[in-house]
2 protein chains.
Amino acid sequence: MRDYIKKDPWNIIEEGFDPALNRISESIFSIGNGKMGQRANFEEKYSGSSLRGSYVAGVYYPDKTRVGWWKNGYPEYFAKVLNAVNWIGIDVHVDGEELDLATAKVESFTRVLNMREGLLQRQFIATLPSGKKIQVRSTRFTSIVDADNGVIRYEVTPLNFSGSVRFTPLLDLNVFNQDSNYDEQFWIEVSRAVSNGKAALTGETKKTQFHVAAAFDLALSLDGAEQALQAETMSQEKKVANVVEIQVAQDKTVSLFKFAAIVSSLYSDKTQIQSDAEKSAAAARAKGFDTMLKEHSEAWVQKWAECDITIEGDVAAQQAIRFNILQMNQTYTGEDERLNIGPKGFTGEKYGGVTYWDTEAYCLPFYLKTTDPKVARQLLVYRYKHLQKAIENAAKLGFKNGAALYPMVTINGEECHNEWEITFEEIHRNGAMSFAIYNYINHTGDSAYLAEYGLEVLIAISRFWRQRVQWSERRNAYLMLGVTGPNEYENNVNNNWYTNLMAQWTLNYTRESLAYVQQQHPERYAAIMAATKFGEHEDELSIWADIAEKIALPRDEQTGVFIQHDGYMEKDLQPMSAIPKGEYPIHKHWSWDRILRSCYIKQADVLQGIYTFEGNYDKETIRKNFDFYEPLTVHESSLSPCIHSILASSLGYEDLAYKFYLRTARLDLDDYNHDTDDGLHITSMAGTWMSVVEGFGGARVKQGQLHLAPALPKQWQSYSFRICFRGALIKVAVTEQAIILENESDVGLNLSVYGSEKSLPARQILTVARD
Amino acid sequence: MRDYIKKDPWNIIEEGFDPALNRISESIFSIGNGKMGQRANFEEKYSGSSLRGSYVAGVYYPDKTRVGWWKNGYPEYFAKVLNAVNWIGIDVHVDGEELDLATAKVESFTRVLNMREGLLQRQFIATLPSGKKIQVRSTRFTSIVDADNGVIRYEVTPLNFSGSVRFTPLLDLNVFNQDSNYDEQFWIEVSRAVSNGKAALTGETKKTQFHVAAAFDLALSLDGAEQALQAETMSQEKKVANVVEIQVAQDKTVSLFKFAAIVSSLYSDKTQIQSDAEKSAAAARAKGFDTMLKEHSEAWVQKWAECDITIEGDVAAQQAIRFNILQMNQTYTGEDERLNIGPKGFTGEKYGGVTYWDTEAYCLPFYLKTTDPKVARQLLVYRYKHLQKAIENAAKLGFKNGAALYPMVTINGEECHNEWEITFEEIHRNGAMSFAIYNYINHTGDSAYLAEYGLEVLIAISRFWRQRVQWSERRNAYLMLGVTGPNEYENNVNNNWYTNLMAQWTLNYTRESLAYVQQQHPERYAAIMAATKFGEHEDELSIWADIAEKIALPRDEQTGVFIQHDGYMEKDLQPMSAIPKGEYPIHKHWSWDRILRSCYIKQADVLQGIYTFEGNYDKETIRKNFDFYEPLTVHESSLSPCIHSILASSLGYEDLAYKFYLRTARLDLDDYNHDTDDGLHITSMAGTWMSVVEGFGGARVKQGQLHLAPALPKQWQSYSFRICFRGALIKVAVTEQAIILENESDVGLNLSVYGSEKSLPARQILTVARD
């Protein structure tokens, strides 16, 4: 836990330069636009501790699996979104002396992430070892209008001398992934070019042979007046640069503008990719810094209009929620069905930048309620396109007849993860894939998606569940043995309640969906029946019904709660508060076996199931389970507190709800888990948003209708959030007295507030008293 | 399964050279003397497929752990007995043309392991590419009299020409371990020396800084007449050699004698280790080949007199059992308490050449009954010396108060293994350590061992069990959660019956042992009480008694068998015969999760417990459990069939007993598991011996008395075995009609045969009718 970020509603602010915090700030101040992302590394050389990170969406490397003891079925590689060409670099020399914040005396340092406009700004006064003092200001953004462009304005003002300022703007492909399994370098150079004011460099990834071309165009101004550029050029293996030197009088400011373009072979033909990058950089330069900045800022302001949350009376909470929303939007825009959301987004290397069930369970609800449905739809199509790979993945594990097991971790549909207890056993992820289809349709009404894509996925997943269970005469039930639930602090357990629940639900939903498509899309139905050879081997419909009816979902007689898995109730059930001081988090202090045989729950498990199907349980059941499982949960996954926060809100446990909200909201800003230096917890940020909108706001979609039941945390004066729903954009403001609903769109909406039906015509405001 | 080894009672014979079998033969024909071991690699250069292996006992390297996903408590390294200096090499050129069996035409090739005398012999006729034909004969042994010496006689006879024969006897430290985790080379050179007829080379292991010096002295004879040696010398980094050239007339034989010495810093001071090796090589040369050979052979004949098993009427079985006894004796002699027995002995790199519970559970019974008790005692002392490390190991996992967890894999007492489900959870090994103490005392009567060493180990292990269980109100029992039993095809199960049984037994035996030492060795008792702070934290004796009384050891009501672990009975219990053809062994065909959720048992588990405490169960209980678990057991550990064979014998299931015996006896000779090329299954060879002596022979030691109940497999005419017991050496011959007991020692013995007390005075023979 740290507290060095200054509180501000719209800005993330670091004041004063502390090298020990640099890697944390590099994560926090990251910028991105869905197509690329950039950690907040300095432009100028920095010899202190830094994790340089530039990432290009979808460009990955299959890093050979590292394993202690091989198990049949392990994947050959772990896909990693690669640290890519350094396009931000601008080395700076003053009268031949290099600027390096590790050796200079630094004053008045500020680093600001301007969230409203999506800008990274930095300024400082540096006294070089020679005593020369300069002021530096830089502004950087990855444009969300021209998504191939990253733009930098870098300004230097001599404060106590007149002399030469030399800029060396560069492109550098001597880049390593710190998490490389075998210390390999993943890039080879394809081509490079450099001339006065311009440079370009193209690299190719080993094995996957992606090409990424970077280019820049430069402009220079002195005291606001554009200068003709007289650059020397530098060209060496994997690196190109310009060297621009100019005399600057004391207190005058020289500004270098670096218009970069980063283009990948996902979008550009390899034969002309470098020229595409060069053209894009030239176009950006032609548009000019001010116009680029203006368009970019306005687009951000527009985005905020759809998804902003305001909080009055708690600037820390306000700052945090915006930070989370900003990062979600910087990571994924839904423009390309081949892309998805890594747990660290573009802010670090950890987890390989690839896709987990986090997407379906946490991110999808965020995008469903904050933007156009097509964004969420792309996340579903991503999985649909991987269906064949998921079937192959299941076949590797002995499943047949088109059964699909979606991978735990993937970028291209192939499994990357190699820990048997997770890779092979944490199969509840398959349930998240099927529930996502339901969730999407429930929010959007786009039932046709079932016919187009959804049903095939549902059939394949249901086939998996059908083969994964076994009938037990002794229990008179279908059992699912050897699984790992969301609570990864239990491995290889039998009848994880959440997993069995997701299987049961999927089998039922698939049967409903089959009936729906048969009725509404008979031709498509016939095609799917033929393609999947449905029912040819066995009467799938009736077997699925039988399993759904008889799958083990035991409730404990003594406590009345659902049993997390067989045997859980026999553990020594001590509340988390019994863990000795200094031994928390347990994953850092206890050996794995000790964690496994303890009662402690890493993240919501039974409660994840109750959250998912809240409507199926009465309040008393929810309360019993929450009261039982909450004290046993250690929340050592960043994905956990939000679920507890939402359930606590719905049970009226306001203090608890707020406690968990705080924990998730400022996780990275306050470096709560001492790991922000690795990158931000992007996917759990969606959970933070859910804590506000679903938790405090009580937002639910039931049978296609929006329901609200807002509460106001007593720490806040008021708050507001927005929901995009079925073409309408509703702003919900919650004060002590009332709920003010404002329809900011041209589409009218009927909704439920505290259980009462309300009609909210286009562009109208409706005030409802607080419950 | 292969069948290329010729059947012979005293020899292992390969006829004809098949390069595809070479690595298998290199394992099978391995020689060793407890201090060093050598795979049956060729002396001359061989460019075909080969796993060169020379091993020096106790010389290991801590190879940095390779792991996919780190877990708290994993060790930093895996200790590996290193592939060491190649001392056998003799390159051969004929008129300048190199001999290489990969390029020559090879006829009349035979490789023979003369088991009676402990010799490796090879001969062949090779036609070189030039057409020159030579006959080669080599004889090699690692002396069991002069255990630092390896000796080679290498003979060449030109068959169709007269010309020069050039020998290049060498020492070479350019040696790699194929199983190196990071492709490191583990040796650095310390020094070398070479002169006419002599060479020496000293290497140091990285990190552990063991020194190993090798030296040789040469002799040369032509047609039986010793020749003065005129050698050129070769010396380069990590390699020294002589080059000896001699003119040889057609049909005359030149013989090179290589007297090697290999000395490690376990036994020699580093400052003079190379000179020690040189002196040892010179002494061997002075003794001469014939004398060295004669002493070595006679010592082997003497060894056989103590431990031979004869089988009439089944030469394959006869060959196999001798092969197993030979390899056990080549691997471990009990002369050094710092040494132990790796699963592959000195015959390969797999499993690192380090120590598993195999030693206590399988090897100890072999040495207890086949040789002087001091050999078995050394195996116990090995663990005693590691007690402090075992306490530290347990502390790493959160245990306190002097609780010890012996490592799964070790060479120096530190844990090497890094698979949580085995490293942290396969804790039944602790029971094997305590049972070994009982087993040793039961066999030898050396109760004083308890006071000297045993009790401290027992206390520490009992403390571990005490902390490892937890009380369950619901079950009204102590439970042991999250373990892996001997059946490694189940991970993280609760209440593995075998593990709980071993815990219960240890707690009781420790209490008895405390009482015994208190009474018989009060001073030592007081010292142990003080050193262990016994009872200072809690009333250990009464808590242990309570746990032993109430630990969960459930019997299934429906079937009456002991439940392998919680939930096992709910599995889909299909006999092994239900596994589809082509999917066996399942560990090569099924993914790990599929194996785990199946009912299949890798190796004896409940049955291991029943075998260990056979006397505690009535025949009906044993039969029920055997009948239930046997069909579910896939025997995918080489340690499994012997236990089933012994129990089948005791139940009178003769065919089954014989089937399992065959499977274990010729495991390596017939390359049953297609892995003999990696090395021999040394520790399971002890199990083969147990199958005969405990299985067919029915030998047991009960309350310090030897019991016999021999049966005769119908495939055999007769068989005999020997047992060393309490100073007596008893030969037991079993024919169709009778048991002939011969006391080959000067110590009389009372024993039980088929339940009747018999007295067998020194040097007497007693004939008992077959039961």
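Residues numbered from 1 in each chain as written. Chains lettered and ligands numbered in written order. Predicted model: local features only at pLDDT ≥ 70, side-chain atom pairs only at ≥ 80, totals over all residues.

- Chain A goes by Family 65 glycosyl hydrolase domain-containing protein in an unreviewed UniProt entry, where it is assigned to Undibacterium cyanobacteriorum.
- The UniProt entry for chain A carries the following text under Sequence similarities (unreviewed entry): "Belongs to the glycosyl hydrolase 65 family." (UniProt positions renumbered as here; feature names shortened; annotations may be inferred.)

**Notes on the UniProt feature "domain: Glycoside hydrolase family 65 N-terminal" (unreviewed entry) in chain A**
Inference 1: According to UniProt, the "domain: Glycoside hydrolase family 65 N-terminal" (unreviewed entry) feature falls on residues 13–265 of chain A.
Inference 2: Across residues 13–265 of chain A one finds 3% helix and 56% strand; the C-alpha atoms that close the span lie 36 Å apart. (Helix = DSSP H or I, 4+ residues; strand = E, 2+ residues; numbered from the N terminus.)

**Focus on unusual backbone geometry**
Inference 1: For the peptide bond that leads from A:Tyr584 to A:Pro585, omega is 0°, which places it in the cis range.
Inference 2: Of note, A:Pro585 is situated in the loop between helix 13 (540–550) and helix 14 (586–589).
Inference 3: Of note in the backbone geometry, A:Asn492 takes a positive phi value of approximately 60° without being a glycine.
Inference 4: Relative to the helices and strands, A:Asn492 resides in the loop between strand 22 (477–479) and helix 11 (497–520).
Inference 5: Look at B:His674: it is not a glycine, yet its phi comes out positive at around 55°.
Inference 6: Relative to the helices and strands, B:His674 is located in the loop between helix 19 (654–665) and helix 20 (682–696).

**Digging into the domain arrangement of chain A**
Residue and element names in this part refer to chain A.
Inference 1: For chain A, the assigned domains read domain 1 (38–306) and domain 2 (372–473 + 498–537).
Inference 2: For domain 1 and domain 2, the distance between their C-alpha centres works out to 42 Å.
Inference 3: In this complex, domain 1 contributes ten residues to the contact, which on the side of domain 2 involves ten residues.
Inference 4: Residues of the side of domain 1 that touches domain 2, tallied by class, amount to seven nonpolar, two polar and one charged. (Domains from an automatic or database assignment. Contact = placed C-beta atoms within 7 Å. Nonpolar A, V, L, I, M, F, W, Y, C, P; charged D, E, K, R; others polar.)

**What about the relation of the copies chain A and chain B?**
Inference 1: The operation relating chain A to chain B is a screw motion whose rotation component is 180°, with 0.0 Å of axial translation and a residual RMSD of 0.0 Å. Read as a symmetry element, the transformation amounts to a two-fold axis. In terms of proximity to the rotation axis, the leading residue of chain A is A:Val67, whose C-alpha is 2.4 Å off the axis. (Least-squares fit on C-alpha atoms with pLDDT ≥ 70 in both.)

**Quick word on the packing of helix 18 (residues 641–651) of chain A against helix 19 (residues 654–665) of chain A**
Residue and element names in this part refer to chain A.
Inference 1: Running from N to C, helix 18 and helix 19 cross one another at 155°; their axes reach a closest spacing of 8 Å. With respect to helix 19, the element helix 18 is oriented roughly antiparallel. Like other packed secondary-structure pairs, helix 18 and helix 19 cross with a definite hand, here left-handed. Between helix 18 and helix 19, the residues in contact are Pro641, Cys642, His644, Ser645, Ala648 and Ser649 and Leu656, Ala657, Phe660, Tyr661, Arg663 and Thr664, respectively.
Inference 2: Its residues placed into classes, the contact of helix 18 with helix 19 shows seven nonpolar, four polar and one charged. (Axes fitted to C-alpha atoms, helices over the stretch in contact; angles between N-to-C directions. Parallel < 35°, antiparallel > 145°, perpendicular 65-115°, else oblique. Left-handed = near helix turned anticlockwise from the far one by under 90°.)

**Quick notes on the environment of A:Ala448**
Residue and element names in this part refer to chain A.
Inference 1: Along the chain, the position of Ala448 falls in helix 10 (residues 448–468).
Inference 2: With 14 C-beta atoms packed within 10 Å, Ala448 lands in the partly exposed category.
Inference 3: Each C-alpha atom, one on Ala448 and one on Tyr516, is 9.7 Å from the other, the two residues being 68 residues apart in sequence. (Buried ≥ 20, exposed ≤ 12 C-beta atoms within 10 Å, placed from the backbone.)

**Let's talk about the environment of A:Leu729**
Residues and elements named next belong to chain A.
Inference 1: In this fold, Leu729 is placed in strand 26 (residues 728–734).
Inference 2: Residue Leu729 is classed as buried on the basis of its 20 C-beta neighbours within 10 Å.
Inference 3: Note: C-alpha distance between Leu729 and Arg429 (300 residues apart in sequence) is 31 Å.
Inference 4: Setting aside anything within four residues of it in sequence, one finds Leu729 in contact with Glu306, Arg722, Cys724, Glu744 and Ser745.

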